[in-house]
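Coordinate analysis (summary)
So you can see what is in the structure, the chains are spelled out below.
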Amino acid sequence: MDFKDRTIDIQEIESLYQCRIETVSPYVLMIAPVFVLMKRNAKLVCVKAPLDFFVPDELEALRKQEVVYLPVTVKVVSRFQTAARLQRAYFSIAEPGLPRAPYEISNEVLKTVIPLWGRDLRIEPLFAAIFTDEFCGGLSPDELLFGRDSAVLLHEHGILLSGTLVFVLTQLGWSNLHQLQKIRQEVYSRTIHGETWGSVSSDWEAITRDLNDLIKSKSSLSPSSLEKLSADWSRKLLGRLRRIGESPTAQKYESLSVEQFLEAS
């Protein structure tokens, strides 16, 4: 993403959300820019970009600030987190007892994702990654530190790729939460260590290869991008998008754009 750290005039502070420092956990991906108030300079300074994270020492150093500030756009993006929590709860309930019928899982997943696709039937990798971080929980702290400090570009790409993959898999009928968590971690780890996904040996690796090309081309998930892939999984997802497009609910929601999101931040 093309996001540059910046400052905001203190006059805009009333338009930002406050978040208490003690509610921020280490190694959790930020879904929006995070600002702190520098009283001496009367400025709000960005300390974290989207998809970055705090380490314990950073949070301790900020404790005297008491609060950090987030743009109001987090309210719009939070619908991806809400959908992720609903799906995770449903999958968690389904696993211990008798397995649910595939159509039951499909219908429940469909209900939660209709507002995410929106009227234009488009989802950008950033928002898919936000969904997946809430759905799967955190990545390995050691791997996150390696990715951020030693492979910055691969770190971001790994988060977008692994997040988009899990988001897609849940809509293709994959419902084993533990398996999805393992796949997400593996995709991120292999990506930051240089995996190019040119050679595949499983169904999910084949999907990863296609999504890798899609993200590198800065494309979003949409009917047009899926049609270009001409893969079995993309045709299946296209079928689901046709159902979503027929839903009146989808027309009530705007399909989010990363450009609009970052500009409003």
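This is a predicted model, so every value here is computed, not measured. (Residues numbered from 1 in each chain as written. Predicted model: local features only at pLDDT ≥ 70, side-chain atom pairs only at ≥ 80, totals over all residues. Heavy atoms only, no water.)

Tallied over the entire structure, the rule returns 15 salt bridges. Across the salt bridge formed by K48 and E58, the nearest N and O atoms sit 3.1 Å from each other. You can see K48 sitting in strand β4 (residues 43-48) and its partner E58 sitting in helix α1 (residues 56-62), a full 10 residues away along the chain. Relative accessible area serves as the criterion here: at 5%, K48 is assigned to the buried category. Between D120 and R122 there is a salt bridge, with the nearest N and O atoms lying 3.7 Å from each other. D120 sits in the partly exposed class, given a relative accessible area of 47%. Among the charged side chains, a network of salt bridges with common partners joins K48, D52, E58, R148 and D149. (Salt bridge = Lys/Arg side-chain N within 4 Å of Asp/Glu carboxyl O. Helix = DSSP H or I, 4+ residues; strand = E, 2+ residues; numbered from the N terminus. Buried < 20%, exposed > 50% of the residue type's maximum accessible area, 1.4 Å probe, protein only.)

Turning to its location among the elements, D120 is positioned in the loop between α3 (102-117) and α4 (125-136). Each C-alpha atom of the pair D120 and A250 lies 8.5 Å from the other, and the pair is 130 residues apart in sequence.

The subject of this paragraph is the nonpolar core. Core analysis: the biggest nonpolar cluster contains 77 residues, and W117, F127, F135, F167, W233 and I244 have the highest contact counts within it. Contacts of F167, omitting those with residues within four sequence positions, involve V113, L116, W117, I123, A128, F131, T132 and L221. (Core = buried A, V, L, I, M, F, W, Y, C linked by side-chain atoms within 4.5 Å. Contact = heavy atoms within 4.5 Å.)

Attention shifts here to the packing of aromatic side chains. Using the criterion set out here, one finds 8 aromatic pairs in the structure. A centroid spacing of 6.0 Å and a plane angle of 40 degrees characterise the contact between Y27 and F53, whose relative ring orientation is tilted. Taken as a pair, Y27 in the loop between β2 (17-20) and β3 (34-38) and F53 in the loop between β4 and α1 lie far apart in primary sequence, 26 residues in all. Taking relative accessible area as the criterion, F53 reaches 0% and is therefore assigned buried. Through pairs of rings, three or more aromatic residues link up here, namely Y90, F91, W117, F131, F135 and F167. (Phe/Tyr/Trp six-rings, centres within 6.5 Å; stacked < 30°, edge-to-face > 60°.)

The axes of two packed helices give the description: the angle between them and the distance between them. It is the contact of helix α7 (residues 177-192) with helix α8 (residues 203-216), at a shortest axis distance of 12 Å, that shows an interaxial angle of 50 degrees. Comparing their axes, α8 and α7 come out oblique. Where α7 crosses over α8, the handedness of that crossing is right-handed. Residue-level inspection shows I183, E186, V187 and R190 of α7 in contact with α8, the latter providing W204, E205 and T208. Residue composition of the contact of α7 with α8, by class: 3 nonpolar, 1 polar and 3 charged. (Axes fitted to C-alpha atoms, helices over the stretch in contact; angles between N-to-C directions. Parallel < 35°, antiparallel > 145°, perpendicular 65-115°, else oblique. Left-handed = near helix turned anticlockwise from the far one by under 90°. Nonpolar A, V, L, I, M, F, W, Y, C, P; charged D, E, K, R; others polar.)

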